[in-house]
Amino acid sequence: MIRRLFIRKAAAAIAAATFPASYLSLSGRAIARPRRHRVEIEGFRFTPDRLEVAVGDTITWINRDIAPHTATATDGGWNTGELVKDAEASVTVVSGMQTTYFCAFHPMMKARFSITPKDQ
Amino acid sequence: MKKHLLLAVSLFALALQPTPSAAQSPAELNDLQIAHVAYVADNIDIRYAHLALAISTNPAIHEFARTMIRDHTAVNEQALALLKKLNAQPQDNFLSRQLTANSEKLVDEMSKLRGAEFDKRYAENELAYHKAVNDLVSNAFIPNIENAEVKSLFEAGLKTFKAHEHHAEMMVKAVSK
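All of these numbers come straight from a predicted model, not from anything done at the bench.

Asker: So what's going on with the overall build of chain A? Residues and values would help.
Answerer: If you tally the helices and strands in chain A, you get one helix and 10 strands. What you see in chain A, going N to C, is helices and strands ordered as α-β-β-β-β-β-β-β-β-β-β. Scored against the burial criterion, the 120 residues of chain A give a buried share of 22%.

This is the structure we're talking about:
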C-alpha cells in the first residue's frame, strides 16, 4: 500500500518535472497547459481588470468586499452568480465567449480579458 | 467558586462597555453610539429602497433599490457579527434619533409622489443621503473610532457607500433626462 502510494507520488513528481508549464504535442510544438487565473474583487474593482487567457483556462473571481458582487458577461452569456464576502466562483474559457464583463449589482464595475491562441 | 468566577467575568465584560455619554456632536460619540448610528442609517436606506420598490415602475430604480437592500443588509450583518464577537451592544443617541426623525418626514413626503416625480425625488435623496453619510463617516466617525476592528469595518463600509454615491449620481442623471 505504502509502496503504491510512493510510486504514485514519484510518478506525479516526474510528470511535474517533465511538463512544468507546457508539453509537446505530436507535431512537436509546445502547447500551453490550461492555467488558472484569479481576479480579486475589492473596493468595488476587479483586480486585475485586464487578463490574457487561453481557451481551456479557468478564471476564478473572489469577492473581498462586504457588498455582494457578480462577474457577468455584458451579453449575459455567462455569470458567476451572486458572490458574498469571501465567496468565489470560476468560469472556464471557451472559444467565442464574451470577454467584457461587469458586476450586475454595481454596473459601474467593468473589466475584460482577451483570449489568445492556445498553441504557442 | 464557579459563581465567583462568573461574577468576575461579568463585571469585567461590563467594565469594557463604554458609559453612555450625552454627546451633542457626532465627533463626541463613542464606538457603540457610532455603531448604532451606522445601523440606523443602513436601515433608513433599506426603508427608502422598499418604498421605491412599492411605488416606482422604473426598472432602473428597482435595480438600484434592490442593490441598496442587498448591500446595506450585508454591512449590517457584518456589524452585528462584530458586535457579537466584542460582546457589545450598540447605544442609542441623539444622532440616531435625529436621522430617524428626518427619515420619517422624507418617507411621508415621498409616499405622496408617483411616476417620474417619485423616481427623481428618490434618486436625488439617495445622492444627498449618501453624500451626507459619507461625510459623517469620513470626517467624524473614522478619525474618532477607538476599536481597530470597528474602524476597519467602517473603512470597508465607506467603500460601499462611496460606490453607492457614485451609482446614485448616475441614477440622478438617468431620471433627469
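So that's the structure; there's more coming.
Asker: A description of the environment of V172(B) should follow, citing residues and the corresponding values.
Answerer: All names here are of chain B. Along the polypeptide, V172 turns up in helix 6 (residues 148–176). Taking the C-alpha atoms as reference, V172 lies 7.7 Å from L127; in sequence the two are 45 residues apart. Aside from chain neighbours lying at most four places away, what touches V172 is A123, E124 and L127.

Asker: Could you give an account of the sheet that holds strand 5 (residues 50–54) of chain A, naming the residues involved and the relevant values?
Answerer: Residues and elements named next belong to chain A. What the four strands build is an open sheet, ordered 5-10-9-7; its pairing is mixed. Two strands close off the open sheet at either side, each with one partner strand: strand 5 and strand 7 (72–73). By the bridge criterion, two bridges tie strand 7 to strand 9 (residues 100–102) in an arrangement that is antiparallel. Looking at strand 9, one finds that A73 is bridged to Y101.

Asker: If you had to explain the interface of chain A and chain B to someone new, which residues and values would you point to?
Answerer: Chain A puts nine residues into the contact, and the matching count from chain B is 14 residues. Taken together, the residues of the side of chain A that touches chain B break down into six nonpolar, two polar and one charged.

Asker: Could you give an account of the environment of V107(B), naming the residues involved and the relevant values?
Answerer: All names here are of chain B. Mapped onto the elements of the fold, V107 is located in helix 4 (residues 94–111). Taking C-alpha positions, V107 is 35 Å from A148, a pair spaced 41 residues apart along the chain. Excluding residues within four positions of it along the chain, V107 makes contact with R47 and L51.

Asker: Would you mind going over the environment of D135(B) in detail, with residue names and values included?
Answerer: All names here are of chain B. By the element assignment, D135 lies in helix 5 (residues 115–141). Note on D135: 11 C-beta atoms within 10 Å, which makes it exposed. In this structure, the C-alpha to C-alpha distance between D135 and L158, residues 23 residues apart in sequence, is 9.7 Å.

Asker: Got a sec to walk through helix 3 (residues 59–85) of chain B? Specific residues and values, please.
Answerer: All names here are of chain B. Between the first and last C-alpha of helix 3 there are 39 Å, a value that for 27 residues agrees with the 39 Å anticipated at 1.5 Å per step. Those residues of helix 3 not exposed but buried are I61, F64, A65, T67, M68, D71, H72, V75 and A79. Among the structural elements, helix 2 (31–55), helix 5 and helix 6 are those in contact with the buried residues of helix 3. Of the residues trailing helix 3, N87 is marked for its positive phi of about 55 degrees.

Asker: Can you tell me about the packing of helix 2 of chain B against helix 4 of chain B, naming the residues and giving the values?
Answerer: Residues and elements named next belong to chain B. Interaxial distance between helix 2 and helix 4 falls to 9 Å at its minimum, and their mutual angle equals 5 degrees. Classified by the angle between their axes, helix 2 and helix 4 sit roughly parallel to one another. Residues H36, V37, V40, A41, I44, R47 and L51 of helix 2 form the contact with helix 4, whose own contacting residues are L95, S96, L99, T100, S103, V107, M110 and S111. Here the residues of the contact of helix 2 with helix 4 sort into nine nonpolar, five polar and one charged.

Asker: Explain the sheet that holds strand 3 (residues 36–42) of chain A to me, using residue names and the numbers behind them.
Answerer: Residues and elements named next belong to chain A. Taken together, four strands build an open sheet; the order of strands is 4-3-6-8 and the sheet is mixed. Since the sheet does not close on itself, it has two edges, and those belong to strand 4 (45–47) and strand 8 (88–92), each with one partner. Going across the sheet, the axis of each strand differs from the next one's by a mean of 25 degrees, ignoring polarity. In this sheet, strand 6 (residues 58–63) lies alongside strand 3 in parallel orientation, the contact comprising six bridges. Its bridge partner lying in strand 6, I41 is registered against N63.

Rules and cut-offs
- Each chain has its residues counted from 1, following the order in which its sequence is written.
- For this description, chains carry letters from A and ligands carry numbers from 1, given in the order in which they are written.
- Totals for whole chains, interfaces and linings use all residues, but because this is a predicted model, local features are given only for residues with pLDDT of at least 70 and pairs of side-chain atoms are given and counted only at 80 or more.
- Secondary structure elements follow DSSP: runs of H or I no shorter than four residues count as helices, runs of E no shorter than two count as strands, and numbering proceeds from the N terminus.
- Working definition of burial: number of other C-beta atoms within 10 Å of the residue's own, with buried at 20 or more, exposed at 12 or fewer, and partly exposed in between, all C-beta atoms being placed from the backbone.
- This entry defines residue contacts through backbone-placed C-beta atoms, with two residues in contact when those atoms are within 7 Å.
- Any two strands between which DSSP finds at least two bridges are classified as paired.
- All amino acids are sorted into three groups, where Ala, Val, Leu, Ile, Met, Phe, Trp, Tyr, Cys and Pro are nonpolar, Asp, Glu, Lys and Arg are charged, and the leftover types, Gly among them, are polar.
- By definition here, a helix of n residues has an expected span of 1.5 Å times n minus one.
- Here, axes are lines fitted to C-alpha atoms. For helices the fit covers the stretch in contact, and angles between N-to-C directions go from 0 to 180 degrees.
- Roughly parallel means an angle under 35 degrees; roughly antiparallel, over 145; roughly perpendicular, 65 to 115; everything else is oblique.

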